[in-house]
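Reading the structure
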Amino acid sequence: MVHSKILICDDEENIRESLKIVLGDHYNLISVDSGEMAMEVLSKAKDIKLMLLDIKMPKVNGLDILQEIKKKFSHLKIIMVTGYNSVETAAEATRLGACGYIVKPFKSEEILETVKKNLNP
Ligand SMILES: [Mg+2]
C-alpha cells in the first residue's frame, strides 16, 4: 500500500517531532520549518495531498502562508495547527481555505482522526 504524502510545516522542532511520531507509521511525511520551505517543497513534490500548517511562526504567519499556498496549490488540503485555542483564528483560517484545525497540545487520536477524515472524505 502506498502511503499518502503529508507536508508538516511548523517552526518548533518538538512539534514536528510529535507529529512525526503520531503520523509516521501511517503516512509518508516531509517536514519543514517555514512557509518559504513549504512553498519550495510543494512546487517540487506534486503528489502531496495534505499539509499541517502552524499558525504562529516567526517570519510569515500561517494565515498568510495559507493564502499564498491556496493561490498556487488549490487542490491541497490544509489543516492548521494552532497554539491558541482561538475560535476566531480558526474561523479565519477556514474562511481562507483551510479544511480544519488542531489545537496544541493535541492528542494523537485527534490528529490521526482529522488527517484521515480529510484524506478520505
Ligand atoms: Mg509556531
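Because the structure is a prediction, the values reported are computed rather than measured.

Moving on, we come to the layout of surface pockets. Quantified by volume, the largest pocket comes out at close to 230 Å³. What lines the largest pocket is Asp33, Ser34, Gly35, Glu36, Met39, Met57, Pro58, Lys59, Val60, Asp64, Ile65 and Glu68. Broken down by secondary-structure element, the contributors of at least two residues to the lining of the largest pocket are helix H2 (35–44) and helix H3 (62–72). For the lining of the largest pocket, a count of residues per class yields five nonpolar, two polar and five charged.

Spatial strand order, S2-S1-S3-S4-S5: five strands in an open sheet with parallel pairing. The open sheet has two edge strands, strand S2 (28–32) and strand S5 (100–103), and neither has a second partner. The average undirected angle you get between the axes of adjacent strands in this sheet is 20°. Sheet analysis places strand S1 (residues 5–9) next to S2, joined by five bridges and oriented parallel. Bridge assignment links Leu7 to a residue of S2, and that residue is Ile30.

Our focus in this paragraph is the nonpolar core. Met51, Leu53, Leu66, Ile69 and Met80 are the most contacted members of the largest nonpolar core, which totals 24 residues. Put simply, the parts of the chain that give this core at least two residues each are S1, H2, strand S3 (48–54), H3 and strand S4 (77–82). Setting aside anything within four residues of it in sequence, one finds Leu66 in contact with Leu53, Ile78, Met80, Ala93, Leu96, Gly97 and Ala98. Core analysis: the next-biggest nonpolar cluster, separate from the first, contains 16 residues, Leu19, Leu52, Ile79 and Val81 among them.

Cut-offs applied
- Residues numbered from 1 in each chain as written.
- Predicted model: local features only at pLDDT ≥ 70, side-chain atom pairs only at ≥ 80, totals over all residues.
- Heavy atoms only, no water.
- 1 Å grid on protein atoms, 1.4 Å probe; cavity = no way out; pocket = protein on both sides within 12 Å on 5 of 7 lines; lining within 4 Å.
- Points joined across faces, edges and corners; volume = space filled by probe spheres on them.
- Helix = DSSP H or I, 4+ residues; strand = E, 2+ residues; numbered from the N terminus.
- Nonpolar A, V, L, I, M, F, W, Y, C, P; charged D, E, K, R; others polar.
- Pairing = 2+ DSSP bridges.
- Axes fitted to C-alpha atoms, helices over the stretch in contact; angles between N-to-C directions.
- Core = buried A, V, L, I, M, F, W, Y, C linked by side-chain atoms within 4.5 Å.
- Buried < 20%, exposed > 50% of the residue type's maximum accessible area, 1.4 Å probe, protein only.
- Contact = heavy atoms within 4.5 Å.

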